[in-house]
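Tertiary structure, described
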Amino acid sequence: GELASRMKKTGAEVVKQLIKLGVMASLSDIIDYDTAALVAIELGCKVEHEVVVTIEERLIDDHADKEEDLVSRAPIVVVMGHVDHGKTSLLDKIREANVVAGEAGGITQHIGAYRVAVNGSPITFLDTPGHEAFTSMRARGAMVTDIAILVVAADDGIMPQTVESINHAKAAKIPIIVAINKMDVPGANPDRIKQQLTEYELVSDEWGGDTVVVPISAKTGMGIDRLLEMVVLTAEMQELRANPDRAARGTVIEARLDKGRGPIMTVLVQNGTLKLNDIIIAGTAVGHVRVMTNDRGERVSEAGPSVPVEISGMSEVPDAGDTFNAVADERMARELVEQRKAEKKNASATSVKVSLEDLFSRIQQGELKDLNIIVKADVQGSAEAIKSSLVKLSNDEVRVRVIHSGVGAISESDVMLAATSGAIVVGFNVRPDNAARDSAVRSNVDIRMYRVIYDAINEIEAAMKGMLAPKF
Ligand code: GDP
C-alpha cells in the first residue's frame, strides 16, 4: 500500500505486479526491498536504496573482525548454586590460591571480577556468585559469561536454587561444570549427587555423559586444581577469541557512586582494548577513562579482552548489564546518550513480550515457533503434572517448552528469566512476591495464576488456538 502511494500508482497495479512475480500479498503486507524494487522498476520508477545511518552506527564501530586479527581470550566464568553450598568460599579459595606469584600478602581489591592464571592460562571469574546477578545482566541483553560452575553441596544435594541455576545456564546456552562441594564432610556421597543430576540432563562424563563433575572442598582446597583445569579445557573447546586491536567494547558488571571519586564502574572488556583517556559511553553515561584499576588494586593504562577493570570518570552511574563502547567522538557520544535517555523513557511502554492475548496472532504470523513457559507450583507433584500436560499441547505450529519449573512463590529471578527468554509465567496455587510483581510490570512479563490444573491447561490451549475468552 505504501509503495503504491509513493509511486502514485493504485494498489491494484502493485498487487498485479506482485502476482506476476509469484508473490501473493495484500496491501497491508510487508514486502522486502528486492521485491519492492522489481515492482517499482516494472512500473517505470527509478529505484535507489536509501541507507539511514543512525548516530549509533556512525559512532560505534561494529565491523566484523578478520580471522587473522583474532587471538584467544580468557573464559569468563560465573559460579552458581544453592545458598550456603559454598559459592563464596570457592571463589575466595580460588582467588587466594592463585594470586600471581610474588604478590602473596598483596591487597586484593573486590571490583566484581578477578583473574587467575592456571598453568599460564588465564581465567576470569565473576565475583558475585549466584544467578540473580547473572540473569539481571542477561535480562538487559548482556551476554557476559562463557562457562558456569554449578556448586552442589555433597551433604545437601540438589535444591531449588540449584535447579534454577541449571535452567538459567541452559537458557544462556553456556556449558555447566559441576563442582560437588563439601567433600570433606563425613559421609559426603558424590554418587548420590551425580544420580540427582541425571534428572536434569546433566550426566557425568564418568557415566558416559558429557558433563564434567569434579568433587571438591572449598574448605580444604581439595579438587580445586582439577576444577580449574577443567575450566581451561572447556574454554579451549569453545575457542574463545577476540581482537585486541580495536576500540573496546564490553559490559558494565558493577557500578556505584563513590563520595570522593564520583561514579565508579567495573567493566569487563569483551573485545578490543580499553585505554586510559578513552572516551566511553555506557548505557546512558558518558565520560573519559580517568583512572583505571585492576583486580589487585594496581593502576593500569590498558585492559584487553576478558580483563575486568574499575574505572572512574563517568558522568553518571550506569546500570550493571549496560554495554560500554570506547568511541572516537565525544560530541556524538553525548548526542547518543540523550537519544538513549529518550528511548529509555518510551521503551517500557512498548517492549514486546509474549502474552496469552497476542499468542495466537503471533503464532499465525509465524513469529512464534516456541512457546516458552515457566511453571511455579506449591508442590513438586503439581509442577510436574502441569509441566507434562503443557508440553503435550505442542502442535505443528508451535512447540510448548517448559524452560523452568519449581516449587515456591514466583520470584524476581523467574520474571527475569521469562523476560530474557520471552516466556510466560504460570503459577499454580502460588503468587508472585512484591519484587516479582514490580519486575513483571516493568518488563511486561505475563504472569498467569491458577488454582485448578485443568484451568491452566485449558486457557493456554485456548490461547494457542485463538479462542481465549476476552478479559474484562
Ligand atoms: P554460598 O552461600 O553458596 O556463597 O556459601 P558460602 O561460601 O557462604 O558457604 C556456606 C557455609 O558452608 C559456610 O559456613 C562455609 O564455611 C561452609 N563451607 C563452604 N565450603 C565448604 C566445604 O568445602 N566444606 C565444609 N565443611 N564447609 C564448607
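As a reminder, the structure under discussion sits directly above these lines.
Just so you know, these numbers come straight off a predicted model, no measurement behind them.

Turning our attention to the overall build of the protein chain. Of the regular secondary structure elements, the protein chain holds 15 helices and 20 strands. If you line up the protein chain on its principal axes, its C-alpha atoms span 80 × 60 × 45 Å. Taking contacts inside the protein chain between residues at least 6 apart in sequence as the whole, the part at least 24 apart equals 71%. Per element, the accessible surface of the protein chain, about 23,600 Å² overall, is 51% carbon and sulfur.

As a further point, take the pairing of strand β13 (residues 285-293). Counting buried positions over the nine residues of β13 gives seven, a clear majority of the element. Relative to β13, strand β12 (residues 279-282) is paired through four bridges, and the arrangement is antiparallel. Across the sheet, the residue bridging to Ile279 is His288, located in β13. From the end of β12 to the start of β13, which pair antiparallel, there are two residues, and Gly283 there has a positive phi angle of about 60 degrees.

Near the ligand you find 15 residues, and of these Asp84, Lys87, Thr88, Ser89 and Asp184 are the closest. With respect to the ligand, the backbone of Gly86 contributes an N or O atom lying 3.0 Å from an oxygen atom. At 2.9 Å, a side-chain N or O of Lys182 approaches an oxygen atom of the ligand. Tallying contributions element by element places helix α5 (residues 87-97) first for the shell around the ligand, with three residues. Split by residue class, the shell around the ligand holds three nonpolar, seven polar and five charged.

Even without being a glycine, Lys8 presents a positive backbone phi close to 55 degrees. Position of Lys8 among the secondary structure elements: in the loop between α1 (2-7) and α2 (11-20). A relative accessible area of 75% places Lys8 in the exposed class.

Further remarks concern the nonpolar core. Of all hydrophobic cores here, the largest spans 28 residues; its most connected members are Leu126, Leu150, Ile176, Val178, Ile180, Leu197 and Leu202. What Leu197 contacts, discounting residues up to four positions off in sequence, is Leu150, Ile158, Val178, Leu202 and Val213. Core analysis: the next-biggest nonpolar cluster, separate from the first, contains 27 residues, Ile94, Phe125, Leu227 and Ala235 among them.

A few words now on the sheet that holds strand β2 (residues 76-81). One key point about sheets: their strands pair by backbone hydrogen bonds, in either a parallel or an antiparallel sense. The six strands lie next to each other as β3-β4-β2-β5-β6-β7, forming an open sheet whose pairing is mixed. Strand pairing shows two members of the sheet lacking a second neighbour, β3 (113-118) and β7 (213-215), which therefore form its edges. Each adjacent strand pair in this sheet contributes to an overall mean axis angle of 30 degrees, direction not counted. Here helix α7 (residues 160-171) sits on the sheet and contacts β2, β5 (147-153) and β6 (176-181); the angle it forms with β5, its principal contact strand, is near 165 degrees.

Strand order in the closed barrel made by the six strands is β9-β10-β15-β13-β12-β16, with antiparallel pairing throughout. The sheet shows a mean angle of 45 degrees between the axes of neighbouring strands, taken without regard to direction. Where strand β9 (residues 249-258) lies against strand β16 (residues 323-327), three bridges are found, and the strand directions are antiparallel. Bridge pairing in β16 places Gly250 opposite Phe324.

Structurally, Asp446 can be placed in the loop between α14 (434-443) and β20 (447-450). Between the alpha carbons of Asp446 and Val426 there is a distance of 8.6 Å; along the sequence they are 20 residues apart. The residues contacting Asp446, other than those within four sequence positions of it, are Val354, Ser355, Leu356, Glu357, Ile424 and Val425. A distance of 3.3 Å separates a polar atom in the side chain of Asp446 from a polar atom in the side chain of Arg448.

All right, on to the packing of helix α12 (residues 380-391) against helix α15 (residues 453-464) then. For the pair α12 and α15, interaxial distance at closest approach is 10 Å and the crossing angle is 25 degrees. By the angle between their axes, α12 is roughly parallel relative to α15. Note that α12 runs across α15; the crossing there is right-handed. When α12 is examined against α15, the residues Ser382, Ala385, Ile386, Ser389 and Leu390 are found in contact with a partner set consisting of Ile453, Ile457 and Ile460. When the residues that make up the contact of α12 with α15 are grouped by side-chain class, the tally is six nonpolar, two polar and no charged.

What follows deals with the pattern of salt bridges. Side chains that differ in charge, positive against negative, can pair when their charged atoms come close. Tallying each qualifying case throughout the model produces 25 salt bridges. Note that Glu338 and Lys341 form a salt bridge whose closest N and O atoms lie 4.0 Å from each other. Taken together, the residues span about one helical turn, with Glu338 and Lys341 both in helix α10 (residues 330-350) at a distance of three residues. What emerges from the salt-bridge pattern is a single network uniting Arg256, Asp258, Arg261 and Glu310.

Moving on to the environment of Lys182. Residue position: Lys182 is located in the loop between β6 and α8 (190-198). Residues Lys182 and Val379 lie 197 residues apart in sequence; the distance between their C-alpha atoms is 28 Å. Here Asp84 takes part through its backbone oxygen, which lies 2.7 Å from a polar atom of the side chain of Lys182.

For the pair helix α13 (residues 412-421) and α14, interaxial distance at closest approach is 8 Å and the crossing angle is 20 degrees. Comparing the axis directions of α13 and α14 gives the class roughly parallel. Relative to α14, the crossing made by α13 is right-handed. Along its contact with α13, which presents Glu412, Val415, Met416 and Ala419, the element α14 presents Ala435, Ala436, Ser439, Ala440, Arg442 and Ser443. Class assignment for the residues of the contact of α13 with α14 results in six nonpolar, two polar and two charged.

Parameters and conventions
Residues numbered from 1 in each chain as written. Predicted model: local features only at pLDDT ≥ 70, side-chain atom pairs only at ≥ 80, totals over all residues. Heavy atoms only, no water. Helix = DSSP H or I, 4+ residues; strand = E, 2+ residues; numbered from the N terminus. Contact = heavy atoms within 4.5 Å. Areas by Shrake-Rupley, 256 points an atom, 1.4 Å probe, with all protein chains shown as cover. Buried < 20%, exposed > 50% of the residue type's maximum accessible area, 1.4 Å probe, protein only. Pairing = 2+ DSSP bridges. Near = heavy atom within 4 Å. Polar contact = N/O pair within 3.5 Å; in protein donor to acceptor, adjacent residues only side chain to side chain. Nonpolar A, V, L, I, M, F, W, Y, C, P; charged D, E, K, R; others polar. Core = buried A, V, L, I, M, F, W, Y, C linked by side-chain atoms within 4.5 Å. Axes fitted to C-alpha atoms, helices over the stretch in contact; angles between N-to-C directions. Parallel < 35°, antiparallel > 145°, perpendicular 65-115°, else oblique. Left-handed = near helix turned anticlockwise from the far one by under 90°. Salt bridge = Lys/Arg side-chain N within 4 Å of Asp/Glu carboxyl O.

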